[in-house]
Amino acid sequence: LEDKEKPFIVLSAMGTAINKSIAVAEIVKLRVPGLHQWNTIQTRALEEGRRQVSYMAITLSSDPSLLERSDTLGYQAPLASPGP
């Protein structure tokens, strides 16, 4: 993200790993200022449809035009810069 080779990253997780992917996203946002975030949450079927599990994808990008509309649910603007 910082060297502009990759315009965005996607962190994805299912079930109990979702909280860890959220923590990783927050750490990345603290270390790389100006990142826009787009979250999607779904339910996916496992074991031939016998079991459902939550799925979350977090997309981080310094370019908001790469994300879906920034005025809809799931969008988070960059963190505010810390004051002096």
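The model shown is predicted, which means the values in this text are computed figures rather than measured ones.

**Student:** I'd love a proper account of the packing of aromatic side chains, names of residues and values included.
**Tutor:** Taken as a whole, this structure holds zero aromatic pairs when the rule is applied. R44 extends its terminal NZ or CZ atom over the ring of Y55, reaching a point 3.7 Å from the ring centre.

**Student:** Residues and numbers for the nonpolar core, please.
**Tutor:** Listed in full, the nine residues of the largest apolar core are L11, A13, I18, A25, V32, L35, M56, I58 and L60. Mapped by element, the contributors of at least two residues to this core are β1 (8–14), α1 (18–31) and β3 (51–61). When residues of this core are assigned to their parent elements, the largest contribution, three residues, is made by β3. Once residues lying within four places of it in the same chain are set aside, the contact partners of A25 are L11, I58 and L60.

**Student:** Explain the environment of L11 to me, and be specific about the residues and the numbers.
**Tutor:** Here L11 is to be found in strand β1. On the accessibility criterion, L11 (18% relative accessible area) is buried. When the C-alpha atoms of L11 and M56 are compared, they prove to be 8.2 Å apart, with 45 residues separating the residues in sequence. The residues touching L11, leaving out its near neighbours within four places in the chain, are S21, V24, A25, M56, A57, I58 and L60.

**Student:** Quick one: what's the story with the pairing of strand β2 (residues 36–46), residue by residue and with numbers?
**Tutor:** Two strands pair when backbone bridges link them, and β2 and β3 are joined in this way by 11 bridges, in the antiparallel orientation. Each residue of the ladder has a partner; that of Q37, found in β3, is L60. Joining the antiparallel neighbours β2 and β3 is a turn of four residues, in which E47 adopts a positive phi near 50 degrees. When β2 meets strand β4 (residues 75–76), the two strands line up antiparallel, connected through two bridges. Its bridge partner being in β4, W38 is matched across the sheet by Y75.

The rules behind these values
- Residues numbered from 1 in each chain as written.
- Predicted model: local features only at pLDDT ≥ 70, side-chain atom pairs only at ≥ 80, totals over all residues.
- Heavy atoms only, no water.
- Phe/Tyr/Trp six-rings, centres within 6.5 Å; stacked < 30°, edge-to-face > 60°.
- Lys NZ or Arg CZ within 6 Å of the ring centre and 35° of its normal.
- Core = buried A, V, L, I, M, F, W, Y, C linked by side-chain atoms within 4.5 Å.
- Buried < 20%, exposed > 50% of the residue type's maximum accessible area, 1.4 Å probe, protein only.
- Helix = DSSP H or I, 4+ residues; strand = E, 2+ residues; numbered from the N terminus.
- Contact = heavy atoms within 4.5 Å.
- Pairing = 2+ DSSP bridges.

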